[in-house]
Amino acid sequence: NAEYMGKSAPFTFASRFEGDGSKTNPEELIGAAHAGCYSMFLSALLTNANTPPTSIKTSAVVTLGDGPAVTSIELECEAVVPGIDNAAFQATADEAKQNCPITKALSGVSDIKLNAVLK
């Protein structure tokens, strides 16, 4: 089990390495933290630029490679942002990827990808 501030996330060897989807694993927890932090940071940047989002939905896929080590993280983001063009959105989305606190904490991961879609 992993615990943080009274919340528990059970995981086992099977859930981590054998595809037991009934529990989580540390990589899923990292992905959830990264996706949540990214969404909040992007929302703050967009709001500060006077283009507040109507919605932002972000998911993350964390890849565990040899070592074992986290070798990549892919963020998938869909956002509804009235009053912004795609070029400005992509620039802001990339700024959020580079500067959200979880991205910075994961700086040892050499490959963090972002696919951002403005709807």
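Residues numbered from 1 in each chain as written. Predicted model: local features only at pLDDT ≥ 70, side-chain atom pairs only at ≥ 80, totals over all residues. Heavy atoms only, no water.

Q: A description of the side chain of T51 should follow, citing residues and the corresponding values.
A: Looking at where T51 falls in the secondary structure, it is placed in the loop between α2 (26-48) and β3 (55-65). When residues no more than four places from it in sequence are discounted, the contact partners of T51 are L46, V81, P82, G83 and I84. (Helix = DSSP H or I, 4+ residues; strand = E, 2+ residues; numbered from the N terminus. Contact = heavy atoms within 4.5 Å.)

Q: Can you tell me about the nonpolar core, naming the residues and giving the values?
A: In terms of nonpolar packing, the biggest core is built from 20 residues, with Y38, L42, I73, V81 and F89 touching the most fellow members. Only α2, β4 (69-80), α3 (86-99) and β5 (111-118) provide two or more residues apiece to this core. Here the element with the most residues in this core is α2; it accounts for five residues. Setting aside residues no more than four positions away along its own chain, Y38 makes contact with T58, L75, C77, A93, A96, K97, C100 and L114. (Core = buried A, V, L, I, M, F, W, Y, C linked by side-chain atoms within 4.5 Å. Buried < 20%, exposed > 50% of the residue type's maximum accessible area, 1.4 Å probe, protein only.)

Q: Could you give me a rundown of the sheet that holds β3, with the residues and numbers involved?
A: A sheet is described by the order of its strands in space; here three strands give the open sequence β3-β4-β5, paired in mixed fashion. Edge strands, defined here as strands with exactly one partner in the open sheet, are β3 and β5. Adjacent strand axes in the sheet meet at a mean angle of 15 degrees when their direction is disregarded. Alignment of β4 against β5, held across eight bridges, turns out to be parallel. Bridged to L75 within β5 is L114. Across the sheet, α2 is in contact with β3, β4 and β5; its angle to β3 comes to roughly 145 degrees. Strands β4 and β5 of the sheet are contacted by α3, whose axis makes an angle of about 150 degrees with β5. (Pairing = 2+ DSSP bridges. Axes fitted to C-alpha atoms, helices over the stretch in contact; angles between N-to-C directions.)

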